[in-house]
Number of protein chains: 2
Amino acid sequence: MTLESMPPSKAYRLLEPGPIVLVTTAQGGRPNVMTMGFHMMIQHSPPLIGCIIGSWDHSHRALRSTGECVLAVPTVDLAKTVVDIGNCSGSEVDKFERFGLTPRPAEKVAAPLIAECLANIECRVADDSMVATYNLFILEAVAISIDPERTERRTLHHRGDGTFAVDGRILDLRERMVKWRYLQD
Amino acid sequence: MTLESMPPSKAYRLLEPGPIVLVTTAQGGRPNVMTMGFHMMIQHSPPLIGCIIGSWDHSHRALRSTGECVLAVPTVDLAKTVVDIGNCSGSEVDKFERFGLTPRPAEKVAAPLIAECLANIECRVADDSMVATYNLFILEAVAISIDPERTERRTLHHRGDGTFAVDGRILDLRERMVKWRYLQD
């Protein structure tokens, strides 16, 4: 895998389509990863992301104490791993080891990147005031790295029940999006 | 179009995959519709949905004053309309008329369903405390209707720049999702 930087302001290009993502954290030097389907962009600039990480998730404590995580975007080749990661807990197993994921040092946070993913979005918690009520963390994207060399770029969209829609063809309607042209830069 | 009811608790089956959606409102009996890409599930039960509707959007005022909206899920056949709806304002045009959309009475809210969509999720505002800070509305799904007869069921995932990933093949990994079996009911 090679890594190429992308401005954090481009996080919406990766997350607005709604792919299932992997969330990495590192507490006391110990990396962990979970699967997350409840997330959205909140604003373009600064790039804020809302995500739900349950208080029952091992990652919840790590995120609260470190204030940092990485949202890694997997593609279809990792589908089974994505499901299996969501079905065990970091309190019991080292998921990076169990699932053969390669942690790579991030640029701005302690949480690791996942070498096997298409893109990695480094995030810091920007607002935790909704965590107590909804387990809703508001993150700010502070760095993004992508793998420009990988050919498999089809992401997965979890339909909530263990079935996933895989990206099919890409429709290009950019010329109709006159009001939001600046988002195409 | 025929309409079939689906429990509101199943909203995640429609929204967790991250499709672009249409949001309808009705203020003073006047229906309006906008395109929305920033939304997520917040919890399964009761079914809470987070969505960003900018204070600059005509629908923002309608949603604040009525507390009701419908999230309609379009499919690929409506792609151009989805983009065009997002590029004009209900303050200037009757978008149902301009785009040939058929409003249908909803079961529990005043906002209309869109007959041309795959599914319609009727929602009430459950929490508007984050609206001032982030334009973030927390909605509760109170009714869902789907069109079981339509053959085109591929939804659209906005990549943020006017390009869309269309649903491709469906991967069925339900047998691996042991921890969350109850979500498959």
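If you're wondering where the values come from, they're calculated on a predicted model, not measured in any experiment.

J.: Just to check I follow, could you spell out the overall build of chain A for this structure?
T.: Looking only at helices and strands, one finds five helices and twelve strands in chain A. Over its C-alpha atoms chain A spans a radius of gyration of 16 Å, differing by no more than 12% from the 16 Å that the globule rule assigns to 185 residues. Judged by the C-alpha coordinates and their principal axes, chain A covers about 50 × 35 × 35 Å. Counting every position in chain A, which comprises 185 residues, the buried fraction comes to 62%. Across chain A, every contact between residues at least 6 apart in sequence was considered, and the portion connecting residues at least 24 apart equals 63%. With an accessible surface of roughly 7200 Å², chain A has 48% of that area assigned to carbon and sulfur atoms. Treating the 20 positive side-chain charges of chain A as one cloud and the 23 negative ones as another, the clouds have centres 4 Å apart.

J.: Just checking my understanding: could you explain the relation of the copies chain B and chain A for this structure?
T.: Both copies of the chain are related through a single rotation about an axis accompanied by a shift along the same axis. Superposing chain B onto chain A requires a rotation of 180 degrees together with a translation of 0.0 Å along the rotation axis, leaving an RMSD of 0.0 Å. What the rotation and shift describe, once combined, is the action of a two-fold rotation axis. A shared interface surface links the copies, since 100% of the contact residues of chain B are contact residues in chain A too.

J.: Explanation requested: the interface of chain B and chain A in the structure shown.
T.: Many analyses report the size of an interface as the accessible area lost when the parts associate. Every contact between the two is made by 59 residues of chain B and, on the other side, 59 residues of chain A. Roughly 5300 Å² is buried in total at the junction of chain B and chain A, and carbon and sulfur atoms are behind 61% of that figure. If you sort the residues of chain B by the area they bury against chain A, Glu 16, Phe 38 and Tyr 134 of chain B come out on top, with a joint share of 13%. Taken together, the links from chain B to chain A amount to four salt bridges. A salt bridge links Asp 84 of chain A to Arg 176 of chain B; the nearest nitrogen and oxygen atoms lie 2.7 Å apart. Considering each element in turn, the side of chain B that touches chain A owes the most residues, ten residues, to strand β12 (residues 163-172) of chain B. A per-class count over the side of chain B that touches chain A returns 30 nonpolar, 15 polar and 14 charged. Of the pairings in the sheet, the one linking strand β12 (residues 163-172) of chain A to β12 of chain B comprises seven bridges and is antiparallel in character. In the sheet register, Phe 164 of chain A faces β12 of chain B, and the bridge partner there is Leu 171 of chain B.

J.: In this structure, what is going on with the pairing of strand β2 (residues 21-27) of chain A? I would like to understand it.
T.: For a regular strand, side-chain orientation follows a simple rule: the groups alternate between the two sheet faces. Residues and elements named next belong to chain A. Summarising burial for β2: six of the seven residues are buried, a large majority. Alignment of β2 against strand β3 (residues 30-36), held across seven bridges, turns out to be antiparallel. Among the inter-strand pairings, Val 23 is bridged to a residue of β3, identified as Met 34. Here β2 folds back onto β3, and the loop between the two strands holds two residues, one of which, Gly 28, carries a positive phi near 55 degrees. Bridge analysis of β2 against strand β6 (residues 68-73) gives three bridges, and the strand direction is antiparallel. Its bridge partner lying in β6, Thr 24 is registered against Val 70.

J.: I would appreciate a short explanation of helix α2 (residues 58-66) of chain A in the present structure.
T.: Side chains of residues three or four places apart in an α-helix project in the same direction, reflecting 3.6 residues per turn. Residue and element names in this part refer to chain A. For α2, the set of buried residues is Ser 59, His 60, Ala 62 and Leu 63. Taken together, the buried residues of α2 touch β2, β3, β6, β9 (119-127), α5 (131-134) and β10 (136-146). Looking at the residues trailing α2, positive phi occurs at Gly 67, about 70 degrees.

J.: Would you mind showing me how to read the side chain of Thr 25 of chain B here?
T.: Residue and element names in this part refer to chain B. Along the chain, the position of Thr 25 falls in strand β2 (residues 21-27). Overall, the relative accessible area of 2% leaves Thr 25 in the buried class. Beyond its immediate sequence surroundings of up to four residues, Thr 25 is in contact with Arg 30, Pro 31, Asn 32, Ser 59, Ala 62, Leu 63, Glu 68, Cys 69, Ala 111 and Pro 112.

J.: Is there a simple way to think about the environment of Met 41 of chain B in this case?
T.: Residue placement: Met 41 of chain B occurs in strand β4 (residues 39-43). Residue classification places Met 41 of chain B among the buried positions, given a relative accessible area of 1%. Distance in space between the C-alpha atoms of Met 41 of chain B and Thr 133 of chain B is 19 Å, their sequence separation being 92 residues. The contacts of Met 41 of chain B, once residues within four sequence positions are left out, are Phe 38 and Ile 52 of chain A together with Ala 11, Tyr 12, Leu 15, Glu 16, Leu 48 and Ile 49 of chain B.

J.: Even after reading the chapter, I still don't get the environment of Cys 51 of chain B, so can you show me in this structure?
T.: Looking at the secondary structure, you find Cys 51 of chain B in strand β5 (residues 48-52). A relative accessible area of 0% means that Cys 51 of chain B is categorised as buried.

Parameters at a glance
Residues numbered from 1 in each chain as written. Chains lettered and ligands numbered in written order. Predicted model: local features only at pLDDT ≥ 70, side-chain atom pairs only at ≥ 80, totals over all residues. Heavy atoms only, no water. Helix = DSSP H or I, 4+ residues; strand = E, 2+ residues; numbered from the N terminus. Rg over C-alpha atoms; globule rule 2.2 N^0.38 Å. Buried < 20%, exposed > 50% of the residue type's maximum accessible area, 1.4 Å probe, protein only. Contact = heavy atoms within 4.5 Å. Areas by Shrake-Rupley, 256 points an atom, 1.4 Å probe, with all protein chains shown as cover. Lys, Arg positive; Asp, Glu negative; His and termini not counted. Charge placed at Lys NZ, Arg CZ, Asp CG, Glu CD. Least-squares fit on C-alpha atoms with pLDDT ≥ 70 in both. Buried area = accessible area lost by both parts, 1.4 Å probe. Salt bridge = Lys/Arg side-chain N within 4 Å of Asp/Glu carboxyl O. Nonpolar A, V, L, I, M, F, W, Y, C, P; charged D, E, K, R; others polar. Pairing = 2+ DSSP bridges.

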